[in-house]
Structure formats: C-alpha cells, structure tokens
Amino acid sequence: MNVVEEYDIAVVGAGHAGCEAALACARLGLETIMFTVSVESIALMPCNPNIGGSSKGHLVREIDALGGEMGVNIDKTFIQSKMLNQSKGPAVHSLRAQADKSEYSATMRKTLENTEHLTIRQAEVAELMAENGVIKGVKTFSGAEYYTKAVVLCTGTYLKARCIFGDISYYTGPNGLLAANYLSESMKKLGIEIVRFKTGTPARVDGRTIDFDKMEEQFGDKKIVPFSFTTDPESIQKEQRSCWLTYTNEDTHKIIRDNIDRSPLYSGVIHGTGPRYCPSIEDKVMRFKDKDRHQVFIEPEGNYTHEYYLGGMSSSLPEDVQYAMYKTVPGLEHAKIVRNAYAIEYDCINPNQLKSSLEFKNISGLFSGGQLNGSSGYEEAAAQGLIAGINAAMKVLNKEPFILDRSEAYIGVLIDDLVTKENKEPYRMMTSRAEYRLLLRQDNADIRLYKQGHRIGLLSDERYNKVVEKIKAIDNEIERLKNVSVGGSEKVNNLLIRYESTPLNNGASLAELIRRPELNYEILGEIDENRPQLDADVIEQVNINIKYEGYILREQKQVEHFKKLENKLIPADIDFDDISGLRIEAKQKLKNYSPRSIGQASRISGVSPADITVLLVYMEQHRRKDG
C-alpha cells in the first residue's frame, strides 16, 4: 500500500530556486513539502563558489527586499566580499561575495529545517498528477502520492542530467548526485515542451599544489557592504580570504586546438545548447582566435577545504588534456586535480509556456522556477523560485498573482525576457538588459520593493516601518541641502580648490555643489556646519539622488510612457485570428505567447509596431462596443 499525504504546496527541487520557493510558501502559512533527490544537495553550489556579481547582485538585493533568504545566507557564510564596477556609475555597481560552499548549503538547510509549515522529503518525484488541466499533486518513484493545491517545479539541471568529459559520459546530476530520470516524460505527457540545454564547470585543484607567487592577489573590500538590508554592516566586518588571477597562454591554446576533435562540444557528443556568456575554455580559444590569453580566477571553495575553483576554464575536454592544459597556466604547473571539469546536459522547458506569474498557461496550479526555465546562475534561479513560490501561495489563497514589470525590478526584466523572447540558449541576467537601470540600482532595492514585500506578507511591519523612516530621512536631507547656501568664503573656496573644483564668486546651494562630478556629500561635510548624523545607506541615497537628479527624472518620464502600454491589458479570451490587419506571423506569435498587455506584446520578436497599432485599434473598438 502506497503512502498518501496532503499538503497545500509541493516544491520539487531544493536548489537556490527551490529553497526560495519553499520558504516563501511556508512563511505565508501554507503547509509546504519540498522534495530533493538528496538532502545533501540543498542550496548546493555545483559550479562557481560565489553569489552576486554584475547585475546578479541586483537580483540578490531584490530577493532580500521582498523577504527572500539568499542575501541573508551569503552574509552569514561569505569569505570574501567586493563591490564591482566602482569606477563606473551607481547603476552598474554590483556586490559579489565568495562563499564557503559547504557552509552556505548547511546554513540554508538549517534555516529550512527550522521554518514552520515546511517539510523536507528526500525522494525523486517521477510524475505530476493532473486532471482536466489542473494540477493535483506529485507521485514519487516509490509510488508515494502527495496531493496538493499547487506544485512548483525547481528541478535545476537534474532532469535526465548527463555529465560528459572527453569520451566519458554518464547519467548523473551535478557533483555526482543522482539525476531525475522520470519526471521529463510525465511533463511531456501533459503537453509541456522540453528542450535540451548544457552548462559546464571547471576543474577543482588542490590549493597546496598551486604556486600563488606567480599570480596576482585579489583582495576583498576593506569596508564590507552586506547583501541583506537586515544585516548590520558592523557585524560582518572580518578577515577575508584572497582570490588570485592568472592567465592562459599560447601553450594552453595550442594544446586545446590540437585536441579539439576530442572535445564532445565539437565532436557532436553534446547536443544541448550552452550559455553564450559563460563559454568553455575550448569555445573561447576557438571563437576568439585573436586573443593570446584569457583570464583565470583562482577562487577558494571554503575555509575548511584545500579545493580551489578555476574560474574561466570550464571544459569538457578529456582528462589527460585537462591535466596538460592546466599545467601550462602560470602557477598551476604542479597543480593536482581534485575534481575534473565536465559539461552537463539536462532537460528544461521552453519558458514561453509560462505566464508572467511563472504558472503554466495550460496547467492551472503548476509553476516553474530556476534553470528549468532555461536560465543560468544561482541568482536568476533564486529570483524565479521566490516569484514562483509567492504566486503558488497566491493561487492557493485565491489572491491576485504577484507580477513585477520591467520598470520595477531586475526580477521583472528577467521574467519578462524569459516569457516573451525566444531563448535558444541559457539566459543570463546583465545590466544592459534593463532599460531603466539608473532607477533599478542595487542600493535602492528596499525602497523600490518594500511595499510589495509587505503587501505579500513576507516583509514584517518592523522592516516596512524602517524603510518608511529611511525614505523620510532621505527626503528631509535632500530638501535641507537644496535650501542651505554657501558663499565664496575663504573656507569654502579652499575646499573647492583642493578638489580641483571651480571656486565660488556667488552663493550656491550644497545640492548644486554635490552635482559637480568632482564633489560629493562626504567631501562637503567640513563646510556643512549643521549636518545631521545619518546612516551610511541614507547618505548614499542622498548623494545619488542629488547628483543624478536630471537623469533620474528623465528615466521616470520614460517609465510613465512604458506604464501606459503595460496597463493596457489584453483580454484573456481574445481571438487573434479574428483581428483583420494583423500579419500571419504576428497572429502566430501572439497566440503562442499569450501576452498579458500591449507592452508585453510589443516585446515579442516578430510582432511589429504596425501590428501593435492594429491590436490597439481592435481593442478600442471592442471596448466601445462593450460600453
């Protein structure tokens, strides 16, 4: 007799997406069960040992602002922290932290195990149970049945996973864990389109066999900035581990070229599509033949292991070639490999089958998040897992879905790109994808999203009120600076001359001086006699909002225009075939993607501005007809 149990929501997978989804559902008071092929794989970092980075740091901050866990967890477990792109404007500043991989996983598991309403179950989900287009639950490989009101799929790279290097190929998940070999077929039976993608990881080497004297040492920031808005910055200032930088050379490249026919990427053994923005070293050498070297980042995997990660040298070349090429890199001449580099193929879905809520269009109550949706990266996965989990909870609670648009968050850009664009390779978040990136900075994620997090129920009254007080402090200080004038006194002009700024002949407000490129809020402290004591995050917002005020106002006007199109919702029962004047390709694309708004329709490849005009005219005619 099989086990039969009931829960509100089932989450399939316990990677970065699954953890956020399960925590969101449980924290909203719903009885949640999370399945994993191994409890040892909870919040596993099978590839790079870091969280954040360019644009990805924005996602982590937004996850935190909505009440997610990734930022809190990395603040507890980082071993090096660095703010990237500091020489550029604040729109592209991105926090990145090296993690102690095993501690990151263990700490997240501890959080999950101590969360009320959450049950963790080690079992392989083999079947989705659905009736008449409505999800009913899941069935495990052992035959146990779990009936639920919603299911969130967060299977990562485990579906029919195959690890490959050289002519060695075996069906296993990342890090040698079990693959999930049955769920794909169940999904296909429900009409879900499955595609095959690929990713990869470099070798790990024994740090005791690395000659660090031949490499450039990379230090963390002296003043550590936390990911989570709830973390006290003073509580995480600590001694950090160094990373190291070295380079490949012509000897490395010759070995790769001489053995390229043995690479499964080039011999046809690997059929899945790999990530364009994170290519293997053999891809780099073959595609960028003008480059005589490529960066290699040597990163510690944790405080209690000698393993180092060779960032930038992902590969699926045979074992003997891996040894030969790694030994040509300065500092790695005597390196001993602990784990071989490998590529991994896996099943994922075409994300245009999803609504913006990450619910399947044709299966009510079934949601999907993370690498299953054709994305890459821990941060992209966690962001989708959080939104999928929230919307599964909203579904069960009979509430409206929670959707962020492109003008509100990088998360909105990420999901909108997935559900409206043809993604033929693993999707990676980049700052260039965000049209309103000056507004969507990582430093103001809490200000942008605190109302939504509180309305959902994941942000406490205490956190909400703290952000309200922060906004009030920022506004008050900006207003004060606009109204405090200084003249061309000796003290003022001496300060200006010191920072190579034009001296004053007449009076100017402190805000006007802050707008000068060479000056900022901190510098003007010595001539601002009545300056109040403010927190560092308030000062940061004051400085940015004054210095970039003109650009910010311009983007806000662009957002207003964007919102007009986003707010023109397309009726769910619209028949695009009935609209005369729409081109055949546009009809096909609109039927395939089922956009929720005119704005979303306009971003679908194959739908022209002329098609949008026809659609707007049709909707207006029907609006008038319906009174």
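A quick note: this is a predicted structure, and the numbers were derived from the prediction, not measured. (Residues numbered from 1 in each chain as written. Predicted model: local features only at pLDDT ≥ 70, side-chain atom pairs only at ≥ 80, totals over all residues. Heavy atoms only, no water.)

Let's talk about the sheet that holds strand S3 (residues 32–36)
Here 5 strands make up an open sheet; going across it, the order is S7-S3-S2-S11-S22 and the pairing parallel. Among the strands making up the open sheet, the edge pair consists of strand S7 (118–122) and strand S22 (366–368). Geometrically, the sheet is characterised by an average inter-axis angle of 20° between neighbouring strands, direction not taken into account. Here strand S2 (residues 9–12) runs beside S3; their pairing, made up of 4 bridges, is parallel. Looking at the pairing, Ala10 lines up with Ile33 of S3. Across the sheet, helix H1 (residues 16–27) lies against S2, S3, S7 and strand S11 (150–153), angled at about 165° from S3, the strand it touches most. (Pairing = 2+ DSSP bridges. Helix = DSSP H or I, 4+ residues; strand = E, 2+ residues; numbered from the N terminus. Axes fitted to C-alpha atoms, helices over the stretch in contact; angles between N-to-C directions. Contact = heavy atoms within 4.5 Å.)

Points about the domain arrangement of the chain
Domain boundaries assigned for the chain yield domain 1 (4–198 + 345–456), domain 2 (204–342), domain 3 (473–554) and domain 4 (568–626). Between domain 1 and domain 3, the C-alpha centre-to-centre distance is 43 Å. If you look at the interface, domain 1 gives 8 residues, while domain 3 gives 7 residues. Here domain 1 packs against domain 3, burying approximately 620 Å² in sum over the two surfaces, 67% of which is carbon and sulfur. The interface formed by domain 1 and domain 3 holds 0 salt bridges in total. At the junction of domain 1 with domain 3, the criterion picks out 2 residue pairs in polar contact (both at pLDDT 80 or more). A breakdown of the residues in the side of domain 1 that touches domain 3 according to their chemical character gives 4 nonpolar, 2 polar and 2 charged. (Domains from an automatic or database assignment. Buried area = accessible area lost by both parts, 1.4 Å probe. Salt bridge = Lys/Arg side-chain N within 4 Å of Asp/Glu carboxyl O. Polar contact = N/O pair within 3.5 Å; in protein donor to acceptor, adjacent residues only side chain to side chain. Nonpolar A, V, L, I, M, F, W, Y, C, P; charged D, E, K, R; others polar.)

Brief notes about the packing of aromatic side chains
As enumerated under the stated definition, the model contains 7 aromatic pairs in all. Arranged with centres 4.8 Å apart and planes meeting at 35°, the rings of Phe212 and Trp244 form a pair that is tilted. Of this pair, Phe212 sits in the loop between strand S15 (204–206) and strand S16 (216–218) while Trp244 sits in strand S17 (residues 243–247), and the two are 32 residues apart along the sequence. For Trp244, a relative accessible area of 13% corresponds to the buried category. An aromatic cluster is built from Tyr7, Phe35 and Tyr146, whose rings are joined through pairwise contacts. Directly above the aromatic system of Phe229 lies the positively charged group of Arg61, at a separation of 4.9 Å from the ring centroid. Geometry around Phe78 places Lys238 over its ring, the cationic atom sitting 4.1 Å from the centre. (Phe/Tyr/Trp six-rings, centres within 6.5 Å; stacked < 30°, edge-to-face > 60°. Buried < 20%, exposed > 50% of the residue type's maximum accessible area, 1.4 Å probe, protein only. Lys NZ or Arg CZ within 6 Å of the ring centre and 35° of its normal.)

Some words on the side chain of Asn350
Here Asn350 shows up in the loop between strand S21 (342–349) and S22. Reaching out from Asn350, the side chain makes a polar contact with the side chain of Glu193 at a distance of 3.3 Å.

Digging into unusual backbone geometry
For Ala43, which is not glycine, the phi dihedral falls at a positive 50°. Inspection of the secondary structure assignment puts Ala43 in the loop between S3 and strand S4 (50–52). Taking relative accessible area as the criterion, Ala43 reaches 0% and is therefore assigned buried. Within the chain, Glu500 stands out as a residue other than glycine whose phi angle is a positive 55°. Examined against the element boundaries, Glu500 turns out to sit in the loop between helix H14 (490–498) and strand S24 (508–509). For Glu500, a relative accessible area of 75% puts it in the exposed group.

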